[in-house]
Amino acid sequence: MSTDSWLDDTRASYDTVAASYADIVGPMFDAEAHLRAALAVFAEHVGPGAPVADIGCGPGHATAHLHRLGLNASGIDLSPGMIGIARRNHPECAFEVGSMTDLAYPAETLAGIVAFWSLIHIPDETLPQVLQQFRRVLRPGGRLLAGFHAGTGSTLKTEGYGGHPMKVHVHRREPDAVADLLRDNGFTVEAQTLLGIGERLPGAILHARR
Ligand SMILES: C[S@@+](CC[C@H](N)C(=O)[O-])C[C@H]1O[C@@H](n2cnc3c(N)ncnc32)[C@H](O)[C@@H]1O
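Not measured: the values here are computed from a predicted model. (Residues numbered from 1 in each chain as written. Predicted model: local features only at pLDDT ≥ 70, side-chain atom pairs only at ≥ 80, totals over all residues. Heavy atoms only, no water.)

(A) Molecular detail of the overall build of the chain. Each helix and strand counted, the chain has six helices and nine strands in total. Computed over C-alpha atoms, the radius of gyration of the chain comes to 16 Å, within 12% of the 17 Å expected from 2.2 N^0.38 for 210 residues, which places it in the range of a compact globule. For the chain, the C-alpha atoms occupy an extent of roughly 40 × 35 × 35 Å along the three principal directions. Out of the 210 residues belonging to the chain, those deemed buried represent 50%. A sequence separation of at least 24 residues applies to 66% of the contacts in the chain between residues at least 6 apart. When the accessible surface of the chain is split by element, carbon and sulfur atoms take 52% of a total near 9400 Å². (Helix = DSSP H or I, 4+ residues; strand = E, 2+ residues; numbered from the N terminus. Rg over C-alpha atoms; globule rule 2.2 N^0.38 Å. Buried < 20%, exposed > 50% of the residue type's maximum accessible area, 1.4 Å probe, protein only. Contact = heavy atoms within 4.5 Å. Areas by Shrake-Rupley, 256 points an atom, 1.4 Å probe, with all protein chains shown as cover.)

Now the structure itself:
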């Protein structure tokens, strides 16, 4: 699997589902107090007006919430379809197409990064490159909030969000393994939240500091 092919497949998949993803997942975000609580902790750490990026922002619901929390929030996503919806639904935030494998932000310019369920599409061998990108663009002491599917194993998702065709690899990871990887790449892990304990698809959120 070449780098280009999985990125291209992921981009095309999320372009296909962008509208239905926004319709289905937007209300789920609004109903999930634990996610908003994690974002509130993140906002308190980075401080009012701080420049932060929501990387793999999808239709931008978390980005808009960061804006409501008083941060200078922007969003990046691989999928132009997702970015089009984010711009339309949340004109108060800046959104750009881009990949977390090669971020366009200058070094040490961000006070924080949120990556909610976007690292799940990055293969193990590429994760260190992505975490080094995060480290590069964060200021010393900058914050990383990473949410992902907890567990082990990878699956190829072939449809989703109302039955639309997709071709996207989904990687589940143990929170302790992700925490070790963060430490290996220059982060201090401060806290973790476990979500959906005992459910089919549990999640985890790690709070880390550069
Ligand atoms: C499961 S969705 C999560 C969206 C949003 N963060 C949320 O919590 O609802 C995964 C998102 O990650 C984006 N994504 C996947 N790989 C990416 C990459 N290499 N760079 C930037 N975004 C990526 C996808 O386009 C998609 O919008």
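(B) Representation of the UniProt feature "domain: Methyltransferase" (unreviewed entry) in the chain. Using the residue numbers shown here, the UniProt feature "domain: Methyltransferase" (unreviewed entry) corresponds to residues 52–142. Strand forms 29% of residues 52–142 and helix 32%; the C-alpha atoms that close the span are 9 Å apart. (UniProt positions renumbered as here; feature names shortened; annotations may be inferred.)

(C) Structural view of the site of the ligand. Around the ligand, the structure places 21 residues, and the nearest of them are Y21, G56, H61, D77 and F116. Contacts to the ligand include D77, whose side-chain N or O atom sits 2.6 Å from an oxygen atom. In isolation the ligand has 590 Å² of accessible area, and contact with the protein removes 96% of it. Class assignment of the residues belonging to the shell around the ligand gives a composition of eleven nonpolar, nine polar and one charged. (Near = heavy atom within 4 Å. Polar contact = N/O pair within 3.5 Å; in protein donor to acceptor, adjacent residues only side chain to side chain. Nonpolar A, V, L, I, M, F, W, Y, C, P; charged D, E, K, R; others polar.)

(D) Summary view of empty space enclosed by the protein. One pass over the structure, following the stated rule, counts two cavities of 30 Å³ or more. Reported here for the largest cavity is a volume of approximately 90 Å³. Looking at side-chain class alone, the lining of the largest cavity contains nine nonpolar, two polar and one charged residues. Reported here for the second largest cavity is a volume of approximately 40 Å³. Contributing to the lining of the second largest cavity are W6, D9, T10, H121, K167, V168 and H169. Taken together, the residues of the lining of the second largest cavity sort by class into two nonpolar, three polar and two charged. (1 Å grid on protein atoms, 1.4 Å probe; cavity = no way out; pocket = protein on both sides within 12 Å on 5 of 7 lines; lining within 4 Å. Points joined across faces, edges and corners; volume = space filled by probe spheres on them.)

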